[in-house]
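Inside the fold
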Amino acid sequence: MTSTETYAPLQALIREYFKGEYNEMMLIFAGSAALTCIAVWLWVGTRSGFALGFGVTVLATAMLLCGTAASLLVRDKGLVEELALSIGKPQQSQVLAKERARIEVVVSKYRYYRYSAAVLAALSVLGLLLTSRGWVHGVVTGLLLLVVAQVVIDHFSEQRATQYLAALP
């Protein structure tokens, strides 16, 4: 077996993990664009307090999610190259140890993301119970969509990160 064949599975593992990250970021961009279009359509069609609250929340959420996704894409591009190029080189063990430590931190944070989503959902439900104002219900609807999106994103992201961590040497 040549040295290239020896290191190919590890390079494939790294590239596959980051390909999943990339695909997730593209879905975030697409979902944000779709919800923004729905919010604009709702506002144009109704000009209601609900539409305003929903639209503002969706726009703020889209900016937050897309900003995070864009920064991760920029970071990941350099990181995947650094990792892939270190395979088979003297610095491989140091680079992989650093990556393992990074992913351990990533995996450890998912519990807190779930807590945050639960608190946001509880506050949203409280908003529904305490008032019947349209703009509040619009904000609550936008926040609940954020909670659902976050739970779905984090489920697959955590699963992918946990598998990647387990497979890293």
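Thresholds applied
- Residues numbered from 1 in each chain as written.
- Predicted model: local features only at pLDDT ≥ 70, side-chain atom pairs only at ≥ 80, totals over all residues.
- Heavy atoms only, no water.
- Axes fitted to C-alpha atoms, helices over the stretch in contact; angles between N-to-C directions.
- Helix = DSSP H or I, 4+ residues; strand = E, 2+ residues; numbered from the N terminus.
- Parallel < 35°, antiparallel > 145°, perpendicular 65-115°, else oblique.
- Left-handed = near helix turned anticlockwise from the far one by under 90°.
- Salt bridge = Lys/Arg side-chain N within 4 Å of Asp/Glu carboxyl O.
- Buried < 20%, exposed > 50% of the residue type's maximum accessible area, 1.4 Å probe, protein only.
- Phe/Tyr/Trp six-rings, centres within 6.5 Å; stacked < 30°, edge-to-face > 60°.
- Core = buried A, V, L, I, M, F, W, Y, C linked by side-chain atoms within 4.5 Å.
- Contact = heavy atoms within 4.5 Å.
- Expected span 1.5 Å × (residues − 1).
- Bend = angle between axes of the 7 residues up to and from the residue.
- Nonpolar A, V, L, I, M, F, W, Y, C, P; charged D, E, K, R; others polar.

Our focus in this paragraph is the packing of helix 3 (residues 92-130) against helix 4 (residues 134-167). For any two helices packed against each other, one specifies the inter-axial angle together with the distance between the axes. Look at helix 3 against helix 4: their axes get within 9 Å of each other, and the N-to-C directions meet at 160 degrees. When the axis of helix 3 is compared with that of helix 4, the two are roughly antiparallel. As helix 3 runs across helix 4, the sense of the crossing is left-handed.

As a further point, take the pattern of salt bridges. Counted by the stated rule, this structure contains seven salt bridges. Residues E99 and R102 are paired through a salt bridge, measuring 2.9 Å at the closest nitrogen-oxygen approach. Remark: R102 and E99 occur in helix 3; sequence separation between them is three residues, near one turn of the helix. Given a relative accessible area of 2%, E99 falls into the buried group.

It is worth spelling out the packing of aromatic side chains at this point. Overall, the coordinates contain six aromatic pairs when judged by the stated rule. Geometrically, the ring pair formed by Y112 and Y115 is edge-to-face, given 6.0 Å between the ring centres and 80 degrees between the ring planes. Of this pair, Y112 and Y115 both sit in helix 3, separated by three residues, roughly a single helical turn. Judged by relative accessible area, which is 48%, Y115 ranks as partly exposed. What links up through ring pairs into an aromatic cluster is the set Y17, F18 and Y164.

Take the nonpolar core next. Formed by 16 residues in total, the largest nonpolar core has its most connected members in I14, Y17, F18, L83, L96 and Y164. Mapped onto this core, the elements with two or more residues apiece are helix 1 (3-46), helix 2 (49-86), helix 3 and helix 4. Other than its neighbours up to four places away in sequence, Y164 contacts L13, I14, Y17, F18, L83, E99 and I103. Counting six residues, the second-largest nonpolar core is a separate cluster that includes M25, I28, A69 and I153.

Now for helix 2. Between its first and last C-alpha, helix 2 extends 55 Å over 38 residues, near the 56 Å set by a 1.5 Å rise per residue. At D76, helix 2 is bent by approximately 25 degrees, the largest bend along its length. Count one or two residues on from helix 2 and you reach G88, which has phi positive near 85 degrees.

All right, on to the packing of helix 2 against helix 4 then. Put simply, helix 2 and helix 4 touch, their axes get as near as 5 Å, and they point 20 degrees apart. Taken together, the axes of helix 2 and helix 4 lie roughly parallel to each other. Along this stretch, helix 2 crosses helix 4, giving a crossing that reads as right-handed. Contacts from G49, F50, G53, F54, T57, T61, L65 and L83 in helix 2 reach G134, W135, H137, G138, V139, T141, G142, L143, L145, L146, Q150 and Y164 in helix 4. When its residues are assigned to classes, the contact of helix 2 with helix 4 shows ten nonpolar, ten polar and no charged.

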